[in-house]
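If you want the building blocks of each chain, they are given just below.
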Amino acid sequence: MSEQPTVTLTIDGKALSAHKGTTVYQAATRAGIEIPIFCYHDRMPPLGACRMCLVKVEKQPKLQTSCTLEAADGMVVYTDTPEVKAGQEAILEFLLINHPLDCPICDKGGECPLQDQTYKFGPGRSRFVEAKRDFAKPVSLGPALVLDRERCILCWRCVRFGEIIAGDDALKGFERGFSSEINTPFTLPVQSKFIGNTIAICPVGALTAKSYRFISRPWDNRPVQSTCTLCGVGCAVEFDVRGERITRTRAREHPAVNDIWLCDLGFFGHAFVDHTDRLRRPLMRREGGFVETTWDEALSQIASRLGRTSGPRVAMLGGARLTNEDAYVATRFFRAVVGTPHLDHRVDARPQSPDLAVSWGMGTAIADLALADCVVLIGCDITETYPVLWLRMKQATERGATIIAVTPKALEIQRFVRWQFLHRSGQGGAVMLALADAVRGTAPREAPQGIDRTALAAAAKALGSASRPVVMIGRTALDAPDGWQMLAASGEMCRKTGTELNVMRGKGNAFGATAAGLLPDVAPGGRALADAASELRQAWGSLTTEAGMTAPEILDAAVAGGLDVLFVIGADLANDVPDRERWRAARARLPFLVVQDAFLTETAQMADVVLPALVAAEKDGTVTSIEGRVQRVRAAVSGPGDARGDWAILAALAARLGKTIAYSGWEEIFNEMRGLIPGLGIDERLPVRHPPLGKPSEPERPASAAGGFPLILIPGEALFDRGVLTSRSPTIADLAGEPWAMLHPDDAGTIDAADGEPVVITSARGSVAVRARISPVVLPGHVFLPRGYDAAPVNTLIDVNEPVTFVQVRALAPAAPS
Amino acid sequence: MNAGNGERGTGNGLSSAARAEIRRLMAQFPEPQSALLDALFVAQEEVGYLSPEAIRGVAEVMDLPESEVTSVASFYHLYHFKPVGAHVIQVCTNLSCALNGCGRILQHLKTRLKIDVGQTTPDRRFTLKTAECLAACELAPMMLIGDDRHGQLTPEKVDAILTRYADGRSPKPEARGP
């Protein structure tokens, strides 16, 4: 890197040198000189709206706003002359003429920049005796956000966050002059996945969180540093705890992961932790119902059932909700104590799909996404799955990066997508092959119907000339009828462009479960079982090092009566597995089901014994993110009733089976893991291992519609849903709303469905009732149905033996005449 | 965004002629967004006011966020977010007009039309508004009816002018006031 030119200036008599382009405000702040300010935020360019940062510059007649003033050679600046102080006092007096001074009931009180700066720099009096601006307050802007326009000082931080950082343009300024206000258009609910950040950066109490209204003062909160485990990005968070309750989640700065931002799932998704539905005692099935029991009795019953079977007739499914240490102890428990190789956390994988053939996770570093010059999203709806990663991509687009999307539903970020290839179900592979061909320089094969060849060639050209391309494949592609083809073509595209394929798959701590060995065919650290056998034996004693069955195979085995006991740990199979009927059939043939979870999930309701487990916010340990980064979680609260941590439960069960799994705490487990997992360390990244990819095959013919079921189902992701945890976090459940499905206007017209009206989606397997959303973001002939709504489970419609699920959609009520 | 599948936006709420006109306007500027104010007039002309559908239509055609389009429109006085009468009367209340008696003119209009500022007559013929400086101080006190300027107003002159708009259509240019 060439050396940046510097300038030398004097601030308050201190000689400073700064890079050319630095503002006076930045130079002063770096030198430890405090200048009060409201509108400037260091993640966004200067604006000069609030006028608070006034300084005196020699040879300039008027006071200058230091946030917009570029430091120049020989500049002499003063920040504390009487003239500057008078200026600061005047600005604060001006900002306060309309501010209501309702600090005693304002959620911002105690951590309010306006309050603090008024105290420190304000005049302590006001000459303003006229009526203040009067607005209706508080105004609800949707389930998460509350607006108080009287408190607003029009600094524009929130507006610019939406424009510059998130790209969702959620909040705007309206009217002008004396009537200026921040709002949404027509005060409608705010449309954003990142609005919690505007609450965080609001320098007054104009934007506050509905979930935190009148809940706590900052000095009553005890901050606990932890990591968010809700999606897999692994954002650094701080849980504010008052008594035994998490009052709110705040972003913690992590330059390599989330910078200083979070998504709204992270901000508002903690409420399930202290929900009254939490399991507090072990449950045992007796005379058809559940009765509460003691740990002693519950563990004895499980141990005695395990004593009457052999290891390989036991299996374990789940793990994404565990910590790394929990997952590791689970691997040890099942391989060494029970003696079964049948363990798999990939419970939502389709049988025979490429889901099971690739390692989930990103080789690309999250921070490097901002430096990409071309991003290809293949069946990957980034804002619905890993939202904070989009903030990095948004930075890349600001630098001119090209985004190419190959998806069956147009992305929400479509304004930033240069080339959107919206494809029919089963045609994504053909699009990808054509795109990969064009990148290779060979003439593209015939473009699939409805796809513009010129656009394909242009997109391929942008990708081919990119020097830092990023390629991401998501679940929608991997689970597609032509998923193998999409995977192969994606691999080919990566080889051609010299980049690696990022497999955007797995929620929560799926990556930690992988690293800890909750897989049938690899040892902890992704090593071959045979290679790791002797080390594992040394650490754990005798164990099985055979390769076991994958998650779908475990279900098959249960259906065939090949299993005696199934453990489900931190997973809700009834809703997670791709095909609910298979789970029902498996459960019907299973003699004994143990569920270890925080809630009485649908799966737990079918169990023989239910063990109450702690959740991540109640545990100490580590988790692993989608980029393989290992980070700490810390117990913010102690958990309900007799609920226990997962590894402690398994250790206690081992004791019942006459085996010893003894650890003093998570640190001891982690240290043992370090010996077995190369590269494991706090804030280090574990490598993602990908098996070699196959060659692209010729496109298959898409399946044709069956009689009576004219539409193709596209299952997909929504950030806000109503699952086991999200339905118990009120803000998230409200953001998610009722279950919905997306239909093209043509199809909606055919069945007379109106936007927002109830419809029933039926397949040969079953049906779900949802509200129709009508939009051309899906192609005619397709229905998009998000996973994650337990009241409308997609997997009731799907038969995994069929590559494509055909459905019919029927309006429940006739559409109102327009 | 360039869709590989042809254009997706439907320009909901706007006719294809209006959409074509907006596209034509966009092509006049190096930065297509510069055509936004003119595009909003096209939409307002067609729908009568800036309905949420009209705003969505402009946003779709111009590939801008709806919030941005709404924000810009709200800044300006000449865009209406609610249905207005056939003729929008804007009485200037800024300095020159105030010194020349616009208060009397405004009061006369209120009494004669039996509506307050911001309201529309029940026959939907007139909407009464006030405006800051309409750039015609030499005509003070003055008002705009639609795009027509009327100056040196007296209550009697206002009555005469209003009868010319009584049929709900703008009078011919030669019939307009000074």
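Within each chain, residues carry numbers counting from 1 in the order of the written sequence. Numbering of ligands from 1 and lettering of chains from A proceed in the order in which they are written. Totals for whole chains, interfaces and linings use every residue, but because this is a predicted model, local features are given only for residues with pLDDT of at least 70 and side-chain atom pairs only at 80 or more, for both listing and counting. Just so you know, side-chain values use all the structure's heavy atoms and leave hydrogens and water out.

**Q** What exactly am I supposed to notice about the domain arrangement of chain B here?
**A** Accessible area lost on assembly of the parts is the figure often given for the size of an interface. Domain delimitation follows an automatic or database domain assignment. Assigned domains of chain B: these are domain 1 (16-75) and domain 2 (87-176). Here the C-alpha centre of domain 2 of chain B lies 28 Å away from the C-alpha centre of domain 1 of chain B.

**Q** Sorry, what's going on with helix α7 (residues 295-307) of chain A here?
**A** Because each turn of an α-helix spans 3.6 residues, side chains separated by three or four positions in sequence point in the same direction. Residues and elements named next belong to chain A. In this text, helices come from DSSP runs of H or I with a minimum length of four residues, and strands from runs of E with a minimum of two, each type numbered from the N-terminal end. In this analysis, the expected span of each helix is defined as 1.5 Å times one less than the number of residues it contains. With 13 residues, α7 should reach 18 Å at 1.5 Å per residue; the first-to-last C-alpha distance of 18 Å fits that figure. Between buried and exposed lies partly exposed: a residue is buried under 20% and exposed over 50% of the maximum accessible area for its type, with that area taken using a 1.4 Å probe on protein chains only. Buried residues of α7: Trp-295, Ala-298, Leu-299, Ile-302, Ala-303, Arg-305 and Leu-306, and no others. All buried residues of α7 project into a common sector of 160° when viewed along the axis, lining one side. The arc in question is the one spanned by the directions pointing from the helix axis to the C-beta atoms.

**Q** I keep staring at the packing of aromatic side chains and nothing clicks. Help me out?
**A** Each aromatic ring pair is characterised by the separation of its centres together with the angle its planes make. Residues and elements named next belong to chain B. Aromatic rings from Phe, Tyr and Trp, taking only the six-membered ring of Trp, are treated as a pair when their centres fall within 6.5 Å; an angle between ring planes under 30 degrees marks them as stacked, one over 60 as edge-to-face, and anything in between as tilted. Scanning the model with the defined rule gives 16 aromatic pairs over all chains in all. Centre to centre, the rings of Phe-41 and Tyr-79 are 4.6 Å apart; their planes meet at 35°, and the pair counts as tilted. With Phe-41 in helix α2 (residues 36-47) and Tyr-79 in the loop between α4 (66-75) and β2 (87-92), the pair connects residues that are 38 residues apart, well separated along the chain. Relative accessible area serves as the criterion here: at 36%, Phe-41 is assigned to the partly exposed category. Overall, Tyr-79 belongs to the buried group, its relative accessible area being 5%.

**Q** What is the right way to look at helix α17 (residues 551-559) of chain A in this model?
**A** For α17(A), the complete set of buried residues consists of A:Ala551, A:Pro552, A:Ile554, A:Leu555, A:Ala557 and A:Ala558. On the buried face of α17(A), the contacting elements are β16 (314-317), β17 (343-344), β23 (565-569) and α19 (580-589) of chain A. We call two residues in contact when some of their heavy atoms are within 4.5 Å.

**Q** Got a minute to help me understand unusual backbone geometry in this structure?
**A** For residues that are not glycine, phi is negative in most cases, and the peptide bond is trans in most cases. For the peptide bond that leads from A:Lys137 to A:Pro138, omega is -10°, which places it in the cis range. Tracing the backbone shows A:Pro138 in the loop between α3 (113-121) and β6 (139-140). Residue B:Pro141 is reached from B:Ala140 by a cis peptide bond, and omega for that bond is -10°. Following the sequence through the fold, B:Pro141 ends up in the loop between β3 (126-131) and β4 (143-145). Not every positive phi belongs to a glycine, and A:Asp259 is a case in point at roughly 50°. Mapped onto the elements, A:Asp259 comes out in the loop between β13 (245-251) and α6 (264-268). Phi is positive for B:Ala135, which is not a glycine, with a value near 60°. Mapping B:Ala135 onto the fold places it in the loop between β3 and β4. Taking relative accessible area as the criterion, B:Ala135 reaches 60% and is therefore assigned exposed.

**Q** Whenever I open this one, the side chain of A:Thr499 confuses me. Can you help?
**A** Here A:Thr499 shows up in the loop between α14 (483-497) and β22 (501-504). Those residues in contact with A:Thr499 that lie beyond four places of it in its chain are A:Pro469, A:Val471 and A:Cys494.

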